[in-house]
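# Fold and contact review
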Amino acid sequence: MREERPLMLREWHMERKYAYLLLALSILSEQIGTACLEASKGYTILSFSVLAICLYFITYFIFCKILSEIDLAVAYASWSAIGAVGASLMGVYLFHQSMSPIGWVSIFVMSLGVFLLNCFGTPAEEEAS
């Protein structure tokens, strides 16, 4: 009789669209964790500190699971660009921080690069015949 391995040790097989949904979930978790990190005031507020650490754990756990379906370059570039835009927007609107026009242009250029990487940066998958 075949022995079942614990869920965390099994390989996850998923379709690419589900991998992108998990990437979005990982990014969302990271963004909320980043907001908690800022709200923790340098880890002086325990509740936000613990929440930030837990959310970052969830973020990296999910992220490592999607790498079987999405290339590292594409996944990490997408994650970092969306994270940079999200963190910038949070900083400006949630925490009342400022950003120069050059900063906004830089984020736009980085996002455009990630968009192009997602569209054209990896070779087309070969279809199984």
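### Remarks on the confidence of the model for the protein chain
- Within the protein chain, residue pLDDT values average 85, and 84% of them lie at 70 or more.
- Looking at the elements of the protein chain, mean pLDDT is at its lowest for helix α4 (residues 101-120), recorded as 88, and at its highest for helix α2 (residues 46-66), recorded as 96.

### A short note on the environment of A19
- Relative to the helices and strands, A19 is located in helix α1 (residues 16-39).
- C-alpha separation for the pair A19 and I70, spaced 51 residues apart in sequence, amounts to 7.0 Å.
- Every residue in contact with A19, bar those within four places of it in the chain, is listed here: M14, I66, E69 and I70.

### A closer look at the nonpolar core
- Judged by nonpolar contacts, M14, A19, L23, I27, F63, I66, I70, V74, A75 and W79 together constitute the single largest core of 10 residues.
- Those elements that provide at least two residues to this core are α1, α2 and α3 (72-93).
- In contact with F63, not counting residues within four places along its chain, are L23, S26, L72, A75, Y76 and W79.

### Side note on unusual backbone geometry
- Unlike most non-glycine residues, K41 shows phi in positive territory, near 55 degrees.
- With respect to the secondary-structure elements, K41 resides in the loop between α1 and α2.
- Residue classification places K41 among the exposed residues on the basis of a relative accessible area of 56%.
- Even without being a glycine, Y43 presents a positive backbone phi close to 60 degrees.
- Its place among the elements puts Y43 in the loop between α1 and α2.

### Topic: the environment of I32
- Among the structural elements, I32 can be located in helix α1.
- I32 gets classed as partly exposed once you look at its relative accessible area, which sits at 41%.
- Along the primary structure I32 and M90 are separated by 58 residues, whereas in three dimensions their C-alpha atoms are 9.7 Å apart.

### Re the packing of α1 against α2
- Between α1 and α2, whose axes approach to 8 Å, the crossing angle comes to 160 degrees. In this view, α1 runs roughly antiparallel relative to α2, as classed from their interaxial angle. The chirality of how α1 crosses α2 is left-handed.
- Considered class by class, the residues forming the contact of α1 with α2 number 17 nonpolar, five polar and one charged.

### A word on α4
- Here α4 contains 20 residues, and its C-alpha end-to-end distance of 28 Å stays within 8% of the 28 Å for a straight helix at 1.5 Å per residue.
- Buried within α4 are the following residues: G103, I107 and V114. One side of α4 holds all its buried residues, which, seen down the axis, span an arc of 35 degrees. α4 presents P101, I102, F108, V109 and F120 as exposed residues on the side facing more than 90 degrees away from its buried surface.
- Check the buried side of α4 and you find it contacts α3.

Rules behind the numbers
Residues numbered from 1 in each chain as written. Predicted model: local features only at pLDDT ≥ 70, side-chain atom pairs only at ≥ 80, totals over all residues. Heavy atoms only, no water. pLDDT = per-residue confidence, 0-100. Helix = DSSP H or I, 4+ residues; strand = E, 2+ residues; numbered from the N terminus. Contact = heavy atoms within 4.5 Å. Core = buried A, V, L, I, M, F, W, Y, C linked by side-chain atoms within 4.5 Å. Buried < 20%, exposed > 50% of the residue type's maximum accessible area, 1.4 Å probe, protein only. Axes fitted to C-alpha atoms, helices over the stretch in contact; angles between N-to-C directions. Parallel < 35°, antiparallel > 145°, perpendicular 65-115°, else oblique. Left-handed = near helix turned anticlockwise from the far one by under 90°. Nonpolar A, V, L, I, M, F, W, Y, C, P; charged D, E, K, R; others polar. Expected span 1.5 Å × (residues − 1). Arc of directions from axis to C-beta.

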